Amino acid sequence: MALISIGHVSRHDTGVTVLYCGAEGALASVDVRGGGPGTRETDLLEPHNTVERVHAITLAGGSAFGLAAADGVMNELASQGIGFPVLGEDKPGPRVPIVPAAVIFDLLVGAECPTASDGAEAVRRAIAEHDDSTGSVGAGVGATAGKLRGGLGLTEQQVRTPMGQFTVGALVVANPVGNVVDAETGRLFGAPHAAPIDVARFSQLQHPAESKLNTTIGAVFCDAPVTKAQAKRLAMVGHDGIARAVRPAHSPLDGDTLFALSTATENGGVDTATQAALCDAAAEVVERAIVEAIVKAAPGLGLEAYSSMLD
């Protein structure tokens, strides 16, 4: 995973995941589809706004309390001289790290909330070494997926386009109100050919979130030279992957949020056919990342997991 470096802090029942984009940052946009989002600095990522590049994305548990983790990420990056040069690249002056964030609701599985110190440690780990762990790690520790334990998934694929070959990947924290398993067949919506879980046992499980407050969050990333508006489209279509893997998706009390990042150094844009191929891949990697999160999650925190419910 050469495009983005990832770092995690995993506590007992919550955590933080940071996608570090390097000192030069990555072009970014975002699309929010859930009715109850918990986010920070998403307005600046709209195509009509000025700032184009971000230095990190923070994903965290803890509901709105978890947004504090982004403070730690910002302060750590600032201490290393990384950030937007307020007075210009060639002038001395303050640098402001651009660190959008999104959080999941995991307060019903534990009492902890991520802190600024957790965010700082997560970005230090991301800078030091990329961590491709999946399942019950980082922001996915306290995640639930319908009646099962959720988690964090990470995947990427190569995409051939009229403008050449590009890499498209996704990191997703799967914590939806909706189910990821078909109650009649026991099979994953996003991977119907995978082994089914025990339908009878699944029918006896209770949904752990009586308040129905959940969220699926994450990021799609690529090395294609898309514009900010084209990145917005990647984030939008990436939500199709959530809709394929989760039923129902984008509910009024989910906060489904997907960022889109491009690590290209020049972002002059891609042609329509290339954009279409990238969008198709964005939906696919999001769907696969959700499946990865569910399959790799471990039972715990009073929750069964896909792995513990297999026939």
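The structure this text deals with has already been given above.
All values derive from a computational prediction rather than experimental measurement.

(A) Here's a closer look at the sheet that holds strand β15 (residues 257-262). With mixed pairing, the six strands of this open sheet are ordered in space as β5-β3-β15-β14-β13-β12. Whereas interior strands pair on both sides, the edge strands pair on one side only; in this sheet they are β5 (53-54) and β12 (151-161). The pairing of β12 with strand β13 (residues 164-174) spans 11 bridges and is classified as antiparallel. Residue pairing for β13: R160 is matched across the bridge by Q165. Against the sheet, helix α4 (residues 228-245) touches β3 (26-32), β14 (217-222) and β15, its axis set at about 45 degrees to β3. Together, β12, β13, β14 and β15 form the strand contacts of helix α5 (residues 272-296), whose direction differs from that of β12 by roughly 155 degrees.

(B) Inspection of the environment of M309 at higher detail. Looking at the secondary structure, you find M309 in the segment after α5. Classification of M309 as buried rests on a relative accessible area of 0%. When residues no more than four places from it in sequence are discounted, the contact partners of M309 are L148, I197, D198, R201, F202, L205 and E304.

(C) Molecular detail of a nonpolar patch on the surface. Among the surface-exposed residues, F84, V86, L87 and V96 lie close enough to one another that they form a single nonpolar patch of about 330 Å² accessible area. Looking at the secondary structure, you find L87 in the loop between β7 (84-85) and β8 (95-96).

(D) Spotlight on the packing of aromatic side chains. Inspection of the entire model under this criterion finds zero aromatic pairs. Over the aromatic face of F202 sits the side chain of K147, whose NZ or CZ is 4.4 Å from the ring centroid.

(E) Inspection of the environment of T42 at higher detail. With respect to the element layout, T42 can be found in the loop between β4 (39-40) and β5. A relative accessible area of 12% places T42 in the buried class. It is 8.9 Å that separates the C-alpha atoms of T42 and A102, two residues lying 60 residues apart in sequence. If sequence neighbours within four positions are ignored, T42 has contacts with V30 and F259.

(F) Fine view of the sheet that holds strand β6 (residues 56-60). Taken together, the five strands give an open sheet; going across it, the order is β1-β2-β6-β9-β4, and neighbouring strands pair in mixed fashion. Pairing within the sheet leaves two strands with one partner each, and these edge strands are β1 (5-10) and β4. Pairing of β6 with strand β9 (residues 101-103), which is carried by three bridges, proceeds in the parallel orientation. Pairing of L59 across the sheet is with A102, part of β9. Against the sheet, helix α1 (residues 69-79) touches β2 (15-20), β4, β6 and β9, its axis set at about 150 degrees to β6. Packing against the sheet, helix α2 (residues 116-128) makes contact with β1 and β2, and its axis sits at approximately 140 degrees to β1.

(G) The state of the cysteines, seen in detail. Within this structure, the stated rule accounts for zero disulfides. Distance from the sulfur of C21, which forms no disulfide, to the nearest cysteine sulfur (C222) is 12 Å.

(H) Highlighting α4. In a regular helix each residue adds 1.5 Å, so 18 residues correspond to 26 Å; α4 covers 27 Å between its end C-alpha atoms and thus fits that length. What α4 keeps buried is the set K228, Q230, A231, K232, L234, A235, V237, G238, H239, G241, I242 and A245. Looking at the packing, one finds that the buried side of α4 touches β3, β14, β15 and α5.

What counts, and at which threshold
- Residues numbered from 1 in each chain as written.
- Predicted model: local features only at pLDDT ≥ 70, side-chain atom pairs only at ≥ 80, totals over all residues.
- Heavy atoms only, no water.
- Pairing = 2+ DSSP bridges.
- Helix = DSSP H or I, 4+ residues; strand = E, 2+ residues; numbered from the N terminus.
- Contact = heavy atoms within 4.5 Å.
- Axes fitted to C-alpha atoms, helices over the stretch in contact; angles between N-to-C directions.
- Buried < 20%, exposed > 50% of the residue type's maximum accessible area, 1.4 Å probe, protein only.
- Patch = residues over 30% accessible without salt bridge, like charges linked within 9 Å, V, L, I, M, F, W, Y side chains within 5 Å.
- Areas by Shrake-Rupley, 256 points an atom, 1.4 Å probe, with all protein chains shown as cover.
- Salt bridge = Lys/Arg side-chain N within 4 Å of Asp/Glu carboxyl O.
- Phe/Tyr/Trp six-rings, centres within 6.5 Å; stacked < 30°, edge-to-face > 60°.
- Lys NZ or Arg CZ within 6 Å of the ring centre and 35° of its normal.
- Disulfide = S-S within 2.5 Å.
- Expected span 1.5 Å × (residues − 1).

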